[in-house]
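# Overview (structure and organization)
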Amino acid sequence: MEEKNFYHLLKKRGYIEQVTNERELANLFNNQKVTFYIGFDPTAPSLHIGHLLSLMVMAWAQKFGHLPIFLAGGGTGLIGDPSGKDKARPLLNEQIIRKNIFSIKKQVSKILDFKKNKITILNNANWLKKLNYIEFLRNFGIHFRVNRMLSHEGIKTRLEKGLSFLEFNYQILQAYDFWYQFKHYNCLVQMGGSDQWGNIVAGIELIKKIEKKNVYGITFPLLTTAEGKKMGKTEKGAVWLDKKLTSVFDYYQYWINVDDRDVKRFLLLFTFLPQKEIEKLAQLQGSEIKKAKEILAFEATKIVHGEKLAIKAQKASKILFNKNQTIKKKSSLPTFIISKKEIKNGIL
């Protein structure tokens, strides 16, 4: 492997936005097998490209022998995280959340190694729903200061437009999640998107106050394209990891159509290719950059959908955009069947 230290690899490839106590954190990953967690609130039946960065970090961690915890927010998903949102999420019922978790687990199993002792899958509903409200306030609420919570950027932004007491509780519950996993799974690090910084710090401070122990946090950058747009957003909407919501062909096309300026960065973040190989691809200029984009599209599609479907999408793309290529009857291109009657009726 190109790097011996997991933390150094994350830093070199651009996965890190902010960390707490960097020197201790780097030594921690260098000297022992570390258990860390990333939470995913099941607000939809699929994750999208925005979640892929977190999944890539978990996959890299497995390669280094560390133990990721994939935490499904069956409990916190009932509340909704106000961080990074300009308005409250629609409240989902428990049945929908359970279905979403089932679908997401199936999806993630294609990206992460689900073998025993390689990953821990948890659902925070298993402990959050058992909490006694008064007891919880006495034992944990006492450690939070409202003025401190109000200073966090995600809360400050929402206060101007309206923040419910329900959502205001989210940070306390996420901090409790970190404490619970520290106590029961020896979880020492929480990771998440840059909008989770306040929530992560709240958990670190809670564990410090109750357990007198040091734990750590890492956030990933909010990814935007070279044009300044949020990554994974297209005219059709979000780019989903579920092929029922975003076809494998469309998923492949998203990557092959990225801006030339984003190719190197996306190769580092969304493939397992060695950094030396990526540096060579980054040197390609003009029309040659298409080769690098094809490699990016193939590797990124292979990680999410598997090699067979990635090859199929690659062939379909070459058929569609190669003027000299004839389309065979049974090609790998996406098709839509229209009856003769519909054609005669014309466009309504």
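Reading the values: rules and limits
Residues numbered from 1 in each chain as written. Predicted model: local features only at pLDDT ≥ 70, side-chain atom pairs only at ≥ 80, totals over all residues. Heavy atoms only, no water. Helix = DSSP H or I, 4+ residues; strand = E, 2+ residues; numbered from the N terminus. Buried < 20%, exposed > 50% of the residue type's maximum accessible area, 1.4 Å probe, protein only. Contact = heavy atoms within 4.5 Å. Pairing = 2+ DSSP bridges. Salt bridge = Lys/Arg side-chain N within 4 Å of Asp/Glu carboxyl O. Core = buried A, V, L, I, M, F, W, Y, C linked by side-chain atoms within 4.5 Å. Axes fitted to C-alpha atoms, helices over the stretch in contact; angles between N-to-C directions. Phe/Tyr/Trp six-rings, centres within 6.5 Å; stacked < 30°, edge-to-face > 60°. Lys NZ or Arg CZ within 6 Å of the ring centre and 35° of its normal. Expected span 1.5 Å × (residues − 1). Arc of directions from axis to C-beta. Parallel < 35°, antiparallel > 145°, perpendicular 65-115°, else oblique. Left-handed = near helix turned anticlockwise from the far one by under 90°. Nonpolar A, V, L, I, M, F, W, Y, C, P; charged D, E, K, R; others polar.

### Examining the overall build of the protein
Counting its regular elements, the protein contains 17 helices and 8 strands. Out of the 348 residues in the protein, the part that is buried amounts to 47%. Of the contacts made within the protein by residues no fewer than 6 positions apart, 75% connect residues no fewer than 24 positions apart.

### Describing the pairing of strand β6 (residues 216-220)
Where burial is concerned, most of β6 is hidden: 5 out of the 5 residues are buried. Burial along β6 is two-sided: the residues Tyr-216, Ile-218 and Phe-220 and Gly-217 and Thr-219 are all buried. Strand direction decides the pairing type here: strand β1 (residues 18-19) and β6, joined by 2 bridges, are antiparallel. Paired with Val-19 across the two strands is Ile-218, which belongs to β6.

### Overview of the pattern of salt bridges
When charged atoms on two side chains of opposite charge get close, those side chains can pair. Enumeration according to the criterion identifies 11 salt bridges in this entry. As a salt-bridge pair, Asp-262 and Arg-265 come within 3.0 Å of each other at their nearest N and O atoms. Overall, Asp-262 belongs to the buried group, its relative accessible area being 2%. In this structure, the salt-bridge partner of Glu-299 is Lys-302, at a minimum N-O distance of 3.4 Å. Of this pair, Glu-299 and Lys-302 are both found in helix α15 (residues 289-305), 3 residues apart, which corresponds to roughly one turn of the helix. Taking the relative accessible area as the measure of exposure, Glu-299 reaches 15% and is therefore buried.

### As for the nonpolar core
Of all hydrophobic cores here, the largest spans 99 residues; its most connected members are Leu-55, Val-189, Met-191, Trp-255 and Phe-270. Per-element tally for this core: the top contributor is helix α3 (residues 49-63), with 10 residues. If sequence neighbours within four positions are ignored, Leu-55 has contacts with Phe-40, Leu-47, Phe-70, Val-108, Ile-111, Leu-112 and Leu-241.

### So, the sheet that holds strand β5 (residues 189-193)
Spatially, the 6 strands line up as an open sheet ordered β1-β6-β5-β2-β3-β4, and their pairing is mixed. Edge positions in the open sheet fall to β1 and β4 (120-123), since each of these has one partner strand only. Helix α2 (residues 22-31) contacts β1, β5 and β6 of the sheet and is inclined by roughly 95° relative to β6.

### A word on the packing of aromatic side chains
Scanning the model with the defined rule gives 18 aromatic pairs in all. Plain terms: the ring middles of Trp-255 and Phe-266 are 6.0 Å apart, the flat faces sit at 90° to each other, and that makes the pair edge-to-face. Pair noted here: Trp-255 is in helix α12 (residues 248-256) and Phe-266 is in helix α13 (residues 263-270), with a separation of 11 residues, a long-range link. The same class applies to Trp-255 and to Phe-266, which are both buried. Aromatic ring contacts, followed pair by pair, group Trp-127, Phe-136, Phe-140, Tyr-176, Trp-179 and Tyr-180 into a single cluster. The ring centre of Phe-272 lies 4.5 Å from the NZ or CZ of Lys-63, which sits over that ring.

### Considering helix α4 (residues 94-108)
Between the first and last C-alpha of α4 there are 21 Å, a value that for 15 residues agrees with the 21 Å anticipated at 1.5 Å per step. Every buried residue belonging to α4 is among Ile-97, Asn-100, Ile-101, Ile-104, Gln-107 and Val-108, and all of these are buried. Along the axis of α4, the buried residues cluster in a sector spanning 125°; they form a single face. In this structure, α4 carries Arg-98, Lys-99, Phe-102 and Lys-106 as exposed residues pointing more than 90 degrees from its buried face. Buried residues belonging to α4 abut α3, β3 (67-72) and β4.

### Regarding the environment of Leu-91
Position of Leu-91 relative to the elements: it lies in the loop between β3 and α4. Spatially, the C-alpha atom of Leu-91 lies 7.4 Å from that of Gly-80, the residues being 11 residues apart in sequence. Once residues lying within four places of it in the same chain are set aside, the contact partners of Leu-91 are Leu-78, Ile-79 and Leu-166.

### Quick look at the packing of α13 against α15
It is the contact of α13 with α15, at a shortest axis distance of 10 Å, that shows an interaxial angle of 25°. Of the possible angle classes, the one that applies to α13 and α15 is roughly parallel. The chirality of how α13 crosses α15 is left-handed. In this structure, α13 contributes Val-263, Phe-266, Leu-267 and Phe-270 to the contact, and α15 contributes Ile-289, Ala-292, Lys-293, Ile-295, Leu-296, Ala-300 and Ile-303. Each residue belonging to the contact of α13 with α15 can be placed in one class, and the counts come to 10 nonpolar, no polar and 1 charged.

Coordinates in, geometry out; function isn't part of it.
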